[in-house]
Amino acid sequence: MTYQHHFEKGTDPSAPPLLLLHGTGGNELDLVQLAQAISPGSTIISPRGDVNENGNLRFFRRLSEGVFDLEDVKTRSTALAEFIREATSQYGVDQKRLIALGLSNGANIASTVLQLFPGVVAGAVLLRAMLVLNSHPPKGSLAATKILMSNGRADPIIPADHPPRLAAIFKEAGAAVTLREQEAGHNLVAGDIQAAREWLASLGAPRS
Ligand code: MLT
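This one's a predicted model, so the numbers in the text were calculated from it and none came from an experiment.

**Here we look at the sheet that holds strand β2 (residues 18–21)**
Phase 1: If you trace the seven strands from one edge of the open sheet to the other, you get β1-β3-β2-β8-β9-β10-β11, paired in mixed fashion. Two strands bound the open sheet, and with one partner strand each, they are β1 (5–8) and β11 (176–182). The sheet shows a mean angle of 15° between the axes of neighbouring strands, taken without regard to direction.
Phase 2: As defined by bridge partners, strand β8 (residues 99–103) adjoins strand β9 (residues 123–127) across five bridges and the pair is classed as parallel. Looking at the pairing, G102 lines up with L126 of β9.

Structure, rendered in C-alpha coordinates:
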(Lines give C-alpha, C1' and ligand atoms only; values in the text may rest on other atoms or scores of the structure.)
Protein backbone atom coordinates (compact mmCIF):
# COMPACT_ATOMS: atom_id res chain seq x y z
CA MET A 1 0.00 0.00 0.00
CA THR A 2 1.14 3.51 -0.76
CA TYR A 3 1.22 4.95 2.75
CA GLN A 4 3.20 3.82 5.74
CA HIS A 5 0.50 3.44 8.36
CA HIS A 6 -0.59 2.27 11.79
CA PHE A 7 -3.43 -0.24 12.11
CA GLU A 8 -5.18 -1.15 15.32
CA LYS A 9 -8.03 -3.62 15.44
CA GLY A 10 -10.88 -2.30 17.54
CA THR A 11 -12.38 -4.04 20.54
CA ASP A 12 -15.92 -2.74 20.11
CA PRO A 13 -17.59 -3.82 16.84
CA SER A 14 -20.35 -1.25 17.34
CA ALA A 15 -17.84 1.64 17.34
CA PRO A 16 -17.21 3.09 13.86
CA PRO A 17 -13.82 2.40 12.26
CA LEU A 18 -11.70 5.55 12.05
CA LEU A 19 -9.25 6.84 9.46
CA LEU A 20 -6.84 9.16 11.29
CA LEU A 21 -5.23 12.02 9.36
CA HIS A 22 -2.65 13.98 11.31
CA GLY A 23 -1.68 17.64 11.02
CA THR A 24 1.53 19.15 9.61
CA GLY A 25 4.57 17.92 11.56
CA GLY A 26 2.74 14.92 12.98
CA ASN A 27 2.80 11.23 12.21
CA GLU A 28 0.51 8.20 12.18
CA LEU A 29 0.55 7.86 15.98
CA ASP A 30 -0.36 11.48 16.76
CA LEU A 31 -4.13 11.16 16.83
CA VAL A 32 -4.38 7.65 18.31
CA GLN A 33 -5.01 8.88 21.87
CA LEU A 34 -7.54 11.43 20.66
CA ALA A 35 -9.33 8.71 18.68
CA GLN A 36 -9.43 6.42 21.71
CA ALA A 37 -10.81 9.27 23.82
CA ILE A 38 -13.61 10.14 21.43
CA SER A 39 -14.48 6.66 20.22
CA PRO A 40 -13.23 3.92 22.57
CA GLY A 41 -12.86 0.52 20.92
CA SER A 42 -12.81 1.78 17.32
CA THR A 43 -10.63 0.13 14.71
CA ILE A 44 -7.97 2.59 13.56
CA ILE A 45 -6.29 3.02 10.18
CA SER A 46 -3.77 5.84 10.33
CA PRO A 47 -1.55 6.72 7.34
CA ARG A 48 1.58 8.84 7.64
CA GLY A 49 1.67 11.96 5.44
CA ASP A 50 4.16 11.46 2.62
CA VAL A 51 5.08 15.06 1.86
CA ASN A 52 8.14 16.30 3.70
CA GLU A 53 8.15 20.06 4.29
CA ASN A 54 11.46 20.90 5.91
CA GLY A 55 11.26 17.78 8.05
CA ASN A 56 7.53 18.17 8.79
CA LEU A 57 5.28 15.50 7.33
CA ARG A 58 1.97 16.47 5.75
CA PHE A 59 -0.49 15.18 3.15
CA PHE A 60 -0.02 17.58 0.21
CA ARG A 61 2.39 20.27 -0.90
CA ARG A 62 1.92 23.96 -0.27
CA LEU A 63 3.80 26.92 -1.67
CA SER A 64 3.40 28.97 1.50
CA GLU A 65 0.97 29.12 4.44
CA GLY A 66 -2.52 28.84 2.97
CA VAL A 67 -1.27 28.71 -0.66
CA PHE A 68 -1.56 25.19 -2.00
CA ASP A 69 -0.13 23.25 -4.94
CA LEU A 70 -3.52 22.29 -6.34
CA GLU A 71 -2.21 19.70 -8.80
CA ASP A 72 -0.45 17.99 -5.90
CA VAL A 73 -3.63 18.23 -3.80
CA LYS A 74 -5.52 16.31 -6.51
CA THR A 75 -2.77 13.71 -6.99
CA ARG A 76 -2.43 13.03 -3.26
CA SER A 77 -6.19 12.98 -2.71
CA THR A 78 -6.42 10.33 -5.43
CA ALA A 79 -3.65 8.33 -3.75
CA LEU A 80 -5.34 8.58 -0.36
CA ALA A 81 -8.71 7.48 -1.78
CA GLU A 82 -6.96 4.48 -3.34
CA PHE A 83 -5.22 3.71 -0.02
CA ILE A 84 -8.59 3.81 1.77
CA ARG A 85 -10.06 1.27 -0.67
CA GLU A 86 -7.03 -1.03 -0.38
CA ALA A 87 -6.59 -0.78 3.39
CA THR A 88 -10.26 -1.38 4.18
CA SER A 89 -10.28 -4.38 1.89
CA GLN A 90 -7.02 -5.81 3.25
CA TYR A 91 -8.01 -5.38 6.91
CA GLY A 92 -11.65 -6.35 6.44
CA VAL A 93 -12.91 -2.94 7.58
CA ASP A 94 -16.38 -1.84 6.48
CA GLN A 95 -15.71 1.17 4.23
CA LYS A 96 -19.40 2.13 4.44
CA ARG A 97 -18.88 2.87 8.15
CA LEU A 98 -15.43 4.45 7.93
CA ILE A 99 -15.18 7.91 9.51
CA ALA A 100 -12.20 10.15 8.76
CA LEU A 101 -10.86 12.04 11.76
CA GLY A 102 -8.61 14.80 10.46
CA LEU A 103 -6.72 17.60 12.13
CA SER A 104 -5.63 20.73 10.27
CA ASN A 105 -3.74 19.51 7.16
CA GLY A 106 -5.31 16.08 7.80
CA ALA A 107 -8.78 17.67 7.92
CA ASN A 108 -7.95 19.46 4.69
CA ILE A 109 -7.08 16.28 2.80
CA ALA A 110 -10.14 14.56 4.27
CA SER A 111 -12.18 17.43 2.76
CA THR A 112 -10.56 17.21 -0.66
CA VAL A 113 -11.09 13.43 -0.69
CA LEU A 114 -14.77 14.02 0.14
CA GLN A 115 -15.00 16.62 -2.63
CA LEU A 116 -13.23 14.53 -5.29
CA PHE A 117 -14.29 11.02 -4.25
CA PRO A 118 -17.66 11.29 -2.51
CA GLY A 119 -18.60 8.00 -0.86
CA VAL A 120 -15.05 6.82 -0.20
CA VAL A 121 -15.66 7.45 3.51
CA ALA A 122 -19.02 7.43 5.29
CA GLY A 123 -18.34 10.58 7.23
CA ALA A 124 -15.73 12.85 8.73
CA VAL A 125 -14.77 14.77 11.83
CA LEU A 126 -12.91 17.78 10.46
CA LEU A 127 -10.97 19.65 13.12
CA ARG A 128 -9.74 23.05 11.83
CA ALA A 129 -10.47 22.44 8.14
CA MET A 130 -10.22 25.20 5.55
CA LEU A 131 -11.25 25.54 1.91
CA VAL A 132 -8.41 24.14 -0.19
CA LEU A 133 -10.17 23.14 -3.41
CA ASN A 134 -13.12 24.99 -4.86
CA SER A 135 -14.48 21.74 -6.20
CA HIS A 136 -18.20 20.95 -6.00
CA PRO A 137 -19.15 17.27 -5.90
CA PRO A 138 -22.30 16.37 -7.89
CA LYS A 139 -25.64 17.01 -6.19
CA GLY A 140 -26.70 14.03 -4.10
CA SER A 141 -23.25 12.44 -4.17
CA LEU A 142 -22.77 13.07 -0.43
CA ALA A 143 -26.36 12.20 0.53
CA ALA A 144 -25.21 9.33 2.75
CA THR A 145 -22.33 11.30 4.28
CA LYS A 146 -22.25 12.90 7.73
CA ILE A 147 -19.72 15.57 8.57
CA LEU A 148 -18.77 17.37 11.76
CA MET A 149 -16.67 20.49 11.33
CA SER A 150 -15.17 22.05 14.43
CA ASN A 151 -13.31 25.32 14.02
CA GLY A 152 -11.77 27.98 16.25
CA ARG A 153 -13.33 31.45 16.34
CA ALA A 154 -9.87 33.04 16.65
CA ASP A 155 -7.91 30.77 14.31
CA PRO A 156 -5.04 32.80 12.78
CA ILE A 157 -4.53 30.24 9.96
CA ILE A 158 -8.08 29.78 8.69
CA PRO A 159 -9.95 32.72 7.12
CA ALA A 160 -13.31 33.15 8.90
CA ASP A 161 -15.37 32.56 5.74
CA HIS A 162 -13.73 29.21 4.92
CA PRO A 163 -15.60 26.87 7.28
CA PRO A 164 -19.09 28.09 6.19
CA ARG A 165 -18.07 27.99 2.50
CA LEU A 166 -16.73 24.45 2.83
CA ALA A 167 -19.84 23.41 4.77
CA ALA A 168 -22.01 24.88 1.97
CA ILE A 169 -20.15 22.80 -0.66
CA PHE A 170 -20.76 19.62 1.36
CA LYS A 171 -24.42 20.51 1.95
CA GLU A 172 -25.06 21.26 -1.74
CA ALA A 173 -23.91 17.69 -2.45
CA GLY A 174 -26.38 16.37 0.14
CA ALA A 175 -24.19 15.82 3.21
CA ALA A 176 -25.56 16.25 6.72
CA VAL A 177 -23.18 18.84 8.14
CA THR A 178 -22.81 19.93 11.75
CA LEU A 179 -20.74 23.09 12.07
CA ARG A 180 -19.34 23.91 15.51
CA GLU A 181 -17.33 26.94 16.54
CA GLN A 182 -15.01 26.82 19.55
CA GLU A 183 -13.60 29.65 21.63
CA ALA A 184 -10.15 28.72 20.36
CA GLY A 185 -7.41 29.32 17.82
CA HIS A 186 -5.84 26.61 15.65
CA ASN A 187 -5.08 24.34 18.61
CA LEU A 188 -7.70 21.93 19.88
CA VAL A 189 -9.64 22.60 23.09
CA ALA A 190 -11.88 20.43 25.28
CA GLY A 191 -14.94 21.59 23.32
CA ASP A 192 -13.62 19.96 20.15
CA ILE A 193 -13.22 16.63 21.88
CA GLN A 194 -16.66 16.83 23.46
CA ALA A 195 -18.27 17.81 20.15
CA ALA A 196 -16.53 14.93 18.35
CA ARG A 197 -17.50 12.42 21.05
CA GLU A 198 -21.16 13.48 21.02
CA TRP A 199 -21.34 13.54 17.24
CA LEU A 200 -19.80 10.06 16.89
CA ALA A 201 -22.16 8.70 19.55
CA SER A 202 -25.09 10.20 17.63
CA LEU A 203 -24.21 8.06 14.59
CA GLY A 204 -25.43 5.05 16.55
CA ALA A 205 -24.44 1.42 16.26
CA PRO A 206 -24.88 -0.40 12.94
CA ARG A 207 -28.05 -2.36 12.33
CA SER A 208 -27.42 -6.08 12.16
C1 MLT B 1 -2.52 23.29 5.47
O2 MLT B 1 -1.43 23.61 5.02
O3 MLT B 1 -3.13 22.27 5.17
C4 MLT B 1 -3.11 24.24 6.45
O5 MLT B 1 -2.50 25.47 6.37
C6 MLT B 1 -3.04 23.70 7.84
C7 MLT B 1 -1.62 23.49 8.26
O8 MLT B 1 -1.09 22.45 7.98
O9 MLT B 1 -1.04 24.39 8.86
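**Quick notes on helix α4 (residues 162–172)**
Phase 1: Within α4, burial applies to H162, P163, L166, A167, I169 and F170. The buried residues of α4 occupy one face: seen down the axis, they fall within an arc of 155°.
Phase 2: Buried positions along α4 lie against α3 (105–116), β9, β10 (146–152) and β11.
Phase 3: Downstream of α4 by one or two residues, G174 has phi in the positive range, about 105°.

**So, the site of the ligand**
Phase 1: Around the ligand sit T24, R58, F60, R62, E65, F68, S104, N105, N108, M130 and I157, and those are all the residues in its vicinity.
Phase 2: In this structure, R62 approaches the ligand through a side-chain N or O atom, which is 3.1 Å from an oxygen atom.
Phase 3: Contact distances for the ligand include 2.9 Å between an oxygen atom and a side-chain N or O atom of E65.
Phase 4: Contact with the protein chains hides 95% of the accessible area of the ligand, taken as 260 Å² for the molecule alone.
Phase 5: Judged by the fraction of its atoms near the pocket grid, the ligand is located in the second largest pocket.
Phase 6: Of the residues contributing to the shell around the ligand, the split by class is four nonpolar, four polar and three charged.

**Considering the packing of α3 against α4**
Phase 1: Across the interface, α3 lies against α4 with an axial gap of 11 Å and an inter-helix angle of 30°. When the axes of α3 and α4 are compared, the pair comes out roughly parallel. Judged by the twist between their axes, the crossing of α3 over α4 is left-handed. Counted together, S111, L114 and Q115 of α3 and L166, I169 and F170 of α4 form the full contact between these two elements.

**Points about unusual backbone geometry**
What is expected of a backbone is that most residues other than glycine have negative phi and most peptide bonds are trans.
Phase 1: Its identity as a non-glycine residue notwithstanding, S104 has a phi of 55°, on the positive side.
Phase 2: Along the chain, S104 turns up in the loop between β8 and α3.
Phase 3: Here S104 falls in the buried class, since its relative accessible area comes to 18%.

**Comments concerning the pattern of salt bridges**
Pairs can form between side chains of opposite charge once their charged atoms are near each other.
Phase 1: If you walk through the whole model with that rule in mind, you get 13 salt bridges.
Phase 2: Close ionic contact of D72 with R76 constitutes a salt bridge, the shortest N to O distance being 3.0 Å. Here R76 and D72 lie together in helix α2 (residues 70–91), a separation of four residues that amounts to about one turn.
Phase 3: Among the residues examined, R76 registers a relative accessible area of 18% and is labelled buried.
Phase 4: With a closest N to O distance of 3.0 Å, R165 and D161 form a salt bridge.

**A short note on the side chain of Q115**
Phase 1: Following the sequence through the fold, Q115 ends up in helix α3.
Phase 2: A relative accessible area of 3% places Q115 in the buried class.
Phase 3: When near neighbours in sequence (up to four residues on either side) are disregarded, Q115 contacts L133, S135, P137, L166, I169 and F170.

**Re the packing of aromatic side chains**
Phase 1: Taken as a whole, this structure holds four aromatic pairs when the rule is applied.
Phase 2: A ring pair is formed by Y3 and F83, whose centres lie 5.3 Å apart and whose planes are at 65°; its orientation type is edge-to-face. Of the two residues, Y3 is situated in the segment before β1 and F83 in helix α2; the sequence distance between them amounts to 80 residues. Across this residue pair, the class does not change: Y3 and F83 are buried.
Phase 3: With centroids separated by 5.4 Å and ring planes inclined at 80°, the aromatic side chains of F60 and F68 adopt a geometry described as edge-to-face.
Phase 4: Taking the relative accessible area as the measure of exposure, F60 reaches 0% and is therefore buried.
Phase 5: Members of the aromatic cluster, connected to one another through ring pairs, are Y3, F59 and F83.
Phase 6: Seen from the ring of F60, R58 lies directly overhead, with NZ or CZ sitting 5.2 Å from the centre.

Criteria and cut-off values
- Sequence order as written defines the numbering, with residues in each chain counted from 1.
- Selection of residues for local features in this predicted model requires a pLDDT of at least 70, selection of side-chain atom pairs for listing and counting requires 80 or more, and totals for whole chains, interfaces and linings are taken over all residues.
- Side-chain figures throughout are based on the complete set of non-hydrogen atoms in the structure, without hydrogens or water.
- Criterion used throughout: strands pair if DSSP finds at least two bridges between them.
- Secondary structure elements follow DSSP: runs of H or I of four or more residues count as helices, runs of E of two or more count as strands, with numbering from the N terminus.
- The axes used here are C-alpha line fits, helices contributing only the stretch in contact, and every angle between their N-to-C directions lies in the interval 0 to 180 degrees.
- For the exposure calls, accessible area comes from a 1.4 Å probe over protein chains only, and a residue counts as buried if that area is under 20% of its type's maximum, exposed if over 50%, partly exposed in between.
- Along the arc lie the directions from the helix axis toward the C-beta atoms.
- In what follows, a contact means two residues having at least one pair of non-hydrogen atoms within 4.5 Å.
- A single heavy atom is enough: if one lies within 4 Å of a molecule or strand, its residue is considered near that molecule or strand.
- In protein, a polar contact requires one atom able to donate a hydrogen and another able to accept it; more generally it is a pair of N or O atoms within 3.5 Å, and residues adjacent in sequence count only if both atoms are side-chain atoms.
- Shrake-Rupley sampling with a 1.4 Å probe provides the accessible areas, and residues are treated as covered by the protein chains on show and by no other component.
- Definitions used for this entry: grid spacing 1 Å over protein atoms alone; cavity, a set of points where a 1.4 Å probe fits but cannot get out; pocket, an open set with protein on both sides within 12 Å along at least 5 of 7 lines; lining residue, one with an atom within 4 Å of a point.
- The rule for placing a molecule in a cavity or pocket is simple: more than half of its atoms must lie within 2 Å of the grid points.
- Residues were grouped as follows: Ala, Val, Leu, Ile, Met, Phe, Trp, Tyr, Cys and Pro as nonpolar; Asp, Glu, Lys and Arg as charged; and all remaining residues, including Gly, as polar.
- When describing relative orientation, an angle under 35 degrees is termed roughly parallel and one over 145 degrees roughly antiparallel, while 65 to 115 degrees is termed roughly perpendicular and anything else oblique.
- Two helices that cross are described as forming a left-handed crossing if the nearer one is turned anticlockwise from the farther one by less than a right angle, and a right-handed crossing if clockwise.
- Any Lys or Arg side-chain nitrogen located within 4 Å of an Asp or Glu carboxyl oxygen qualifies as a salt bridge.
- Note on aromatic contacts: the rings of Phe and Tyr and the six-membered ring of Trp form a pair at centre separations within 6.5 Å, being stacked when their planes are under 30 degrees apart, edge-to-face when over 60 apart, and tilted otherwise.
- Two limits define a charge over a ring: the Lys NZ or Arg CZ must be within 6 Å of the ring centre, and within 35 degrees of the ring normal.

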